[in-house]
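Chain by chain, the residues run as shown.
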Amino acid sequence: MNNTTTSTKPFDPFVFWISASLTVLFVLWSILFPENMTTVINAVFSWTTTKWAWLYLLTVFMLVIGCFVLMGRKYGSMKLGLPSDKPEFSNFSWFAMLFGSAIAAGIVFWGPAEPAYHYMSPPPYFGGEANTPATGANAMTYSFFHWGLSAWSIYAMLTIAIGHACFTHNLPLKFSSAFYYVIGDKIHGTWGKILDIFAVFATLGGLATTTGFVALQLSSGLKFQYGMQLGPSSTYIIIGILTAIFTLSVYTGLQKGVKLIGDINMWVFVLVWFFVLVFGPSIFLINLTINSLGQYLLHFIPMSLFTAPGFEGNWIGSWTVFYWAWWMSWAPFVAVFIARISKGRTIRETVAATLILPTLGNFLWYGVVGGAGINFNVSATMKEHGMESAIFAIAQNLPMTGLLAIALIFLIGTFFLTSANSAALALAMFVSGHENPGRNLRAFWGIALGAVAAVLAGSGSLKAIQTASIATAFPLMFLLLLVLYGTFKGLNQYKKENNE
């Protein structure tokens, strides 16, 4: 897309230097005063998840409703682009890129771990005794909820806002363009710069969260499966290796190589799922998936608005709010990417491919892989080795364990690398306004992603990692409400001006 509004400068000095300086200061703070950082992020976690949990839940529920309205008759046939624009990619390639960029390694981490955790510690919404058949079904239902329509609605709504505004008004593919229908040409001024700075920190927090999970899971896998004791520095070593790989990739622009890895990754993902279904407790997994789907549809609205009043602890904050915040922190760069590859498609098919199809894919993965964790009762392993060990504990109960473990390690690494590559590129786009920013700029943000992840994940604390996404996503919750309003305002205005 030719961009008349984008500067010829390699980057926006205001956005870049403020974002880069604050990132460096955060890393230095974490290294020089780790105890103080831990105290502060724990306070942030407590404040946002106890005082604002209700608004996180309400915001995401409204986004789901908004997405279904977008697919209706009034807006569904409208294009992300001009009437003459045609889709650039085939349906299969389009969805494969969409799903691969958005899901990352989180599904490999939480797919087997979350249902097993809820199985031994029932969510307050359902209650009941641990380790019973009813609790197993409830555990899977809540896992479906956390990875279903609600989560994907965050991506879908922001994708439509960015895509329609950019492709019909010739705007740069930046997070701030999503607010064109709210503040108009002010997105080219200070307000737009501030919005893009928010996007930088949200992306850093979201990817640091994922990087931390990946590092912990790979370290656990090497120890659990192969007995490799990497020592306290193992997390730093793994993050360092991953950072070097995706930074080199984004620096050299080896897009064909990344695409090839992504294609192979999707095939391995499907093969692992099929392997567990066939060689695992097949009938149990099928029954559990179908039963949990029914419960999900029945309880969707009550679960969406369940704030756990009167219950001790902060279960909603540690689970549902964490997930919603994590998805929000990923939304700026994922939505920009999905919008970029969706030019020329209708709003209905874009929302359906971003909301419904990935939801079904997640249900199939969770139902089979997560169901296997419940059936094999990997709870004891999780207590001893951490939640990151769940997927490898499942592999121990299946044939060809060694080969399956290699496939799982490959999946974890490649899912992450494809997303991290896209994130580093998006960060460079946010601070430059160019679709193809300079390679030095891309490399800087690749290194920054690894540095932030290292200081958060080095302690091995899941809570520190989770807090990163919650803290960075907090402003985005309010911004997404503005996007929800602005999207419908802008679409109505566009229909009126073009007699649609």
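As the structure is a computational prediction, the values presented were derived from the model and not from experiment.

Attention now goes to the overall build of the chain. Looking only at helices and strands, the chain features 19 helices and zero strands. Expected size for 500 residues packed as a compact globule is a radius of gyration near 23 Å; at 22 Å, the chain falls within 12% of this value. Along the first, second and third principal axes, the C-alpha atoms of the chain reach 60 × 50 × 45 Å. Within the chain, buried positions represent 59% of all 500 residues. Split by element, the accessible area of the chain, about 19,300 Å² in all, is 67% carbon and sulfur. The distance from the centre of the 23 positive side-chain charges to the centre of the 16 negative ones in the chain is 9 Å.

Time to look at the environment of Asn375. Assignment of secondary structure puts Asn375 in helix 14 (residues 347-376). Those residues in contact with Asn375, other than ones at most four positions away along the chain, are Pro281 and Phe284.

Scanning the entire structure with this criterion turns up 45 aromatic pairs. Ring centres 5.4 Å apart and planes at 85° place the aromatic pair Phe474 and Phe478 in the edge-to-face group. You can see Phe474 and its partner Phe478 sitting in helix 19 (residues 462-497), four residues apart, about one turn around the helix. Phe478 sits in the partly exposed class, given a relative accessible area of 34%. Across from the ring centre of Trp94, 3.9 Å away, lies the NZ or CZ of Arg345, which sits over that ring.

With that settled, consider the nonpolar core. Trp110, Tyr323 and Trp445 are the most contacted members of the largest nonpolar core, which has 170 residues in total. Looking at which element gives the most residues to this core, the answer is helix 13 (residues 315-341), with 20 residues.

Turning our attention to helix 10 (residues 234-252). Taking 1.5 Å as the rise per residue, helix 10 with 19 residues should run 27 Å; its terminal C-alpha atoms sit 27 Å apart, in good agreement. Here helix 10 has its buried residues at Ser234, Thr235, Ile238, Ile239, Leu242, Thr243, Phe246, Thr247, Ser249 and Val250.

In this section: a nonpolar patch on the surface. Taken together, the side chains of Phe14, Ile18, Leu22, Val24, Leu25, Leu28, Ile31, Leu32, Phe33, Trp191, Ile194 and Phe198 make up a nonpolar region of the molecular surface, amounting to roughly 1,100 Å² of accessible area. If you list the elements that add at least two residues to the nonpolar patch, you get helix 1 (13-32) and helix 9 (190-226). The biggest single contributor to the nonpolar patch is helix 1, with eight residues. Positionally, Ile31 belongs in helix 1. Owing to a relative accessible area of 54%, Ile31 belongs among the exposed residues under this scheme.

Applying the stated criterion to the full structure yields zero disulfides. A disulfide-free cysteine, Cys166 has its sulfur positioned 18 Å from the sulfur of Cys67, the nearest such atom.

Between helix 4 (residues 91-103) and helix 17 (residues 401-432), whose axes approach to 7 Å, the crossing angle comes to 95°. Comparing their axes, helix 17 and helix 4 come out roughly perpendicular. For the pair formed by helix 4 and helix 17, the contact residues are Gly100, Ser101 and Ile103 on the first element and Phe415, Thr418 and Ser419 on the second.

Tallying each qualifying case throughout the model produces three salt bridges. The salt bridge involving Asp196 is made with Lys174; its shortest N-O contact spans 3.2 Å. With Asp196 in helix 9 and Lys174 in the loop between helix 7 (149-169) and helix 8 (180-183), the pair connects residues that are 22 residues apart, well separated along the chain. Here the two residues Asp196 and Lys174 agree in accessibility, since each one is buried. The partner of Arg345 in a salt bridge is Glu349, and the shortest N-O contact between them spans 3.3 Å.

Attention shifts here to unusual backbone geometry. Its identity is not glycine, yet Asn131 carries a phi of approximately 60°, on the positive side. Mapped onto the secondary structure, Asn131 falls in the loop between helix 5 (106-120) and helix 6 (133-146). In this structure, Ala308 is a non-glycine residue whose phi angle is positive, near 55°. The residue Ala308 is located in the loop between helix 12 (282-304) and helix 13 in this model. The class of Ala308 is buried, set by a relative accessible area of 12%.

Along its 27 residues, helix 13 runs 37 Å from first to last C-alpha, staying within 8% of the 39 Å computed at 1.5 Å per residue. In helix 13, a bend of some 50° at Ala331 exceeds every other bend along the element, and Pro332, a proline, comes one to four places later. Of all the 27 residues making up helix 13, 24 are buried; the element is thus mostly covered by neighbouring parts of the structure.

Positionally, Ser432 belongs in helix 17. According to the relative accessible area criterion, Ser432 is buried, its value standing at 6%. A distance of 2.8 Å separates a polar atom in the side chain of Ser432 from the backbone oxygen of Ala428.

It should be kept in mind that the predicted coordinates are not to be read in detail where pLDDT is low. Chain-level statistics for the chain give a pLDDT mean of 84 and a share of 91% at 70 or above. Predicted confidence is poor over residues 1-6, with pLDDT under 50, and the contacts of this stretch with residues over four places away or in other chains come to 20 contacts.

To continue, consider the packing of helix 6 against helix 14. Packing of helix 6 against helix 14 brings their axes to within 10 Å, and their N-to-C directions diverge by 145°. Between helix 6 and helix 14 lies a crossing whose hand is right-handed. Across the interface between the two elements, Gly136, Ala139, Met140, Ser143 and Phe144 from helix 6 touch Phe363, Tyr366, Gly367, Gly370, Gly371 and Ile374 from helix 14. Considering only residue class, the contact of helix 6 with helix 14 consists of six nonpolar, five polar and no charged.

Bringing the environment of Trp94 into the picture now. Here Trp94 shows up in helix 4. Judged by its relative accessible area of 4%, Trp94 is buried. Sequence-wise, Trp94 and Ser389 are 295 residues apart; in three dimensions their C-alpha atoms are separated by 33 Å.

Calculation rules
- Residues numbered from 1 in each chain as written.
- Predicted model: local features only at pLDDT ≥ 70, side-chain atom pairs only at ≥ 80, totals over all residues.
- Heavy atoms only, no water.
- Helix = DSSP H or I, 4+ residues; strand = E, 2+ residues; numbered from the N terminus.
- Rg over C-alpha atoms; globule rule 2.2 N^0.38 Å.
- Buried < 20%, exposed > 50% of the residue type's maximum accessible area, 1.4 Å probe, protein only.
- Areas by Shrake-Rupley, 256 points an atom, 1.4 Å probe, with all protein chains shown as cover.
- Lys, Arg positive; Asp, Glu negative; His and termini not counted.
- Charge placed at Lys NZ, Arg CZ, Asp CG, Glu CD.
- Contact = heavy atoms within 4.5 Å.
- Phe/Tyr/Trp six-rings, centres within 6.5 Å; stacked < 30°, edge-to-face > 60°.
- Lys NZ or Arg CZ within 6 Å of the ring centre and 35° of its normal.
- Core = buried A, V, L, I, M, F, W, Y, C linked by side-chain atoms within 4.5 Å.
- Expected span 1.5 Å × (residues − 1).
- Patch = residues over 30% accessible without salt bridge, like charges linked within 9 Å, V, L, I, M, F, W, Y side chains within 5 Å.
- Salt bridge = Lys/Arg side-chain N within 4 Å of Asp/Glu carboxyl O.
- Disulfide = S-S within 2.5 Å.
- Axes fitted to C-alpha atoms, helices over the stretch in contact; angles between N-to-C directions.
- Parallel < 35°, antiparallel > 145°, perpendicular 65-115°, else oblique.
- Bend = angle between axes of the 7 residues up to and from the residue.
- Polar contact = N/O pair within 3.5 Å; in protein donor to acceptor, adjacent residues only side chain to side chain.
- pLDDT = per-residue confidence, 0-100.
- Left-handed = near helix turned anticlockwise from the far one by under 90°.
- Nonpolar A, V, L, I, M, F, W, Y, C, P; charged D, E, K, R; others polar.

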